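Chain and residue survey
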Amino acid sequence: MRTEPTADHVDVLIIGAGLSGIGAAHHLQESFPDKTYTVLESRESIGGTWDLFRYPGIRSDSDMYTLGYRFRPWTGGKAIADGPSILQYIRDTAAEAGIDRNIRFQHQVSRMTWSSADSRWTVEARRDDTGEQVTLTAGFVVTCTGYYRYDEGYTPDFAGVDRFAGQVVHPQHWPEDLDCDGKRMVVIGSGATAVTLGPALARLGAQVTMLQRSPTYIVSAPAKDATASALRRVLPARAAYAVARAKNITRSVAIYELCQRFPRAARSLIRRAQIGRLGEGFDIDTHLAPRYNPWDQRLCLVPDGDLFDALRTGDVAIETDRIDTFTESGIALRSGKQLPADIVVSATGLNLIAFGGIEIVVDGRTVSLPETMAYKGMMLSGVPNFSFIVGYTNASWTLKADLVCEYVVRLLGHMDAGGHATCVPRREPSVGEEPFLDFAAGYVLRTVDNFPKQGSEAPWRLRMNFFRDLVTLRHGSVTDSMSFESAGSQVGDSVGGAQEKSPASRSELRA
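The structure contained in this document is the topic of the report that follows. Since the model is a prediction, treat every value here as computed from it, not as a measurement. (Residues numbered from 1 in each chain as written. Predicted model: local features only at pLDDT ≥ 70, side-chain atom pairs only at ≥ 80, totals over all residues. Heavy atoms only, no water.)

Right, let's get into the overall build of the protein chain. In terms of regular secondary structure, the protein chain is built from 13 helices and 28 strands. Taking 2.2 N^0.38 as the reference for a compact globule, 511 residues should give roughly 24 Å; the C-alpha atoms of the protein chain span a radius of gyration of 24 Å, in line with that estimate. Taking the principal axes of the C-alpha coordinates as reference, the protein chain spans close to 75 × 60 × 45 Å. Expressed as a percentage of its 511 residues, the buried residues of the protein chain come to 54%. Here the contacts in the protein chain between residues at least 6 apart in sequence split such that 72% fall between residues at least 24 apart. With an accessible surface of roughly 21600 Å², the protein chain has 49% of that area assigned to carbon and sulfur atoms. (Helix = DSSP H or I, 4+ residues; strand = E, 2+ residues; numbered from the N terminus. Rg over C-alpha atoms; globule rule 2.2 N^0.38 Å. Buried < 20%, exposed > 50% of the residue type's maximum accessible area, 1.4 Å probe, protein only. Contact = heavy atoms within 4.5 Å. Areas by Shrake-Rupley, 256 points an atom, 1.4 Å probe, with all protein chains shown as cover.)

Now the structure itself:
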């Protein structure tokens, strides 16, 4: 039986208790111990992505010296860590700081409504465990929901799949009791999940074939960071972590810039490294040479070359072809080849969704996200007292998350110092529109039109460069293109679009 809604108020409401949400809570309580906050989490536990995904071999594809928080050193033995170790790191961070006491689990947020008259958000959530409708109010909201759907992954409509006698599994919903030993398994996909699953399933005794429509760039990296290990022996843990983190950030940015500016040279370097792992006889041109340039899509990282080793020894086979149809016993390819299978894994990608699908309403008007523009990759034009965290597509997610949290802390401090109740990014009419994620991956292209836009110039342009964001978010102005208003001021009639400013009703500060 449903109970009556309950109400509560906090200074800051954080939505999501994954890597970003726990980090946001830590930054907030360290900087403002007197501010109240609550974290709403739709699932029953901490961890987000790292609690959701349970497929064999689940791991990071960023090193833990950059995926780890700036404020809490990673002390694990491996730089490329497995999912359970990352999950424990997040949970330990929450427990040590007492953040776990401020989390409300199984609270699925559906709607958030801003009232200029009250200078606060009203947030509606449903408790999945009881069915209770919960209402909270907050002065500021930070969404840490990532950008993909937790309830379903992306699976294409495969012809004939209904007549397949075996089992079809998506990595996002991996069965706990799935027996892989001795099974013929076809992993469909060429992204990070597929290249992780291949060798992991082979270690479990499966006969694995990776089936891809087109290749992806795959590079090897050491599972352990020798430099970081050496630094730990001579420096205190926090100092060693900081140096290793700086080294790895610089390296990742340099690799990305090399690929973008000198794609032919980058292709050549990647190819030579692959030949060194696989030998001259492997058909790299068919299976490992994409049509696009390096880092036009995300590079797939394999620790200690485990996939290359599995391909070289025959523990994992690879096919580059198109699916014609599923059959009762496997998959028929366009080339005429048959792939027998007991289990097919559709590692075919994710479905994206902005801000967890939460409806956002400002002064009675529902915000249409494609009509808004992202401000510094972390706020929305015309939407007051609201920030979101979306990490880098070309580097560690947490690098951007930490910077956004630092910016929000500085912004809240500026508001407190000036006695401001509201901050609103104000878009200039001259700023051109571009897609929010300028990234050629299929999972992005399918849904990017449902996201906010980014702008053609700062501060509306989404930078995929840590060092540029370091200047802007950690040290730059918090007042450029931002209006600060007193309690009860109306935020404006045109949510998201370019707006006229009224100096009489708001104080606008410029850098």
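The discussion continues.
Turning our eyes to something else, we now look at helix H1 (residues 19–31). Given a rise of 1.5 Å per residue, 13 residues ought to cover 18 Å, and the 19 Å separating the end C-alpha atoms of H1 matches this to within 8%. Burial within H1 is extensive, with eleven of its 13 residues counted as buried. Within H1 the residues assigned to the buried category are Leu19, Ser20, Gly21, Ile22, Gly23, Ala24, Ala25, His26, His27, Leu28 and Gln29. (Expected span 1.5 Å × (residues − 1).)

Attention now goes to the sheet that holds strand S10 (residues 207–212). Sheet architecture is open: five strands sit in the order S8-S17-S9-S10-S13, paired in parallel fashion. Strands with a single pairing partner mark the edges of an open sheet, and in this sheet they are strand S8 (167–169) and strand S13 (316–320). Neighbour-to-neighbour, the strand axes of the sheet open up by a mean angle of 20°, direction not taken into account. Where S8 meets strand S17 (residues 343–346), three bridges bridge the pair, whose relative direction is parallel. If you follow Val169 over to S17, its bridge partner there is Val345. (Pairing = 2+ DSSP bridges. Axes fitted to C-alpha atoms, helices over the stretch in contact; angles between N-to-C directions.)

With that settled, the discussion passes to the sheet that holds strand S14 (residues 323–326). Taken in spatial order, the three strands make up an open sheet running S14-S15-S16, and their pairing is antiparallel. Whereas interior strands pair on both sides, the edge strands pair on one side only; in this sheet they are S14 and strand S16 (338–340). Within the sheet, the average angular offset between the axes of one strand and its neighbour, ignoring direction, is 20°.

Its 15 residues give helix H4 (residues 83–97) an end-to-end C-alpha distance of 22 Å, which sits within 8% of 21 Å, the value for a rise of 1.5 Å per residue. Where H4 is buried, its residues contact H1, helix H2 (49–52), helix H3 (64–67) and helix H7 (237–261). For H4, the capping residue at the N-terminal end is Asp82, with a side-chain oxygen 2.9 Å from the backbone nitrogen of Ser85. Once H4 ends, the next one or two residues include Gly98, with phi positive near 75°. (Polar contact = N/O pair within 3.5 Å; in protein donor to acceptor, adjacent residues only side chain to side chain.)

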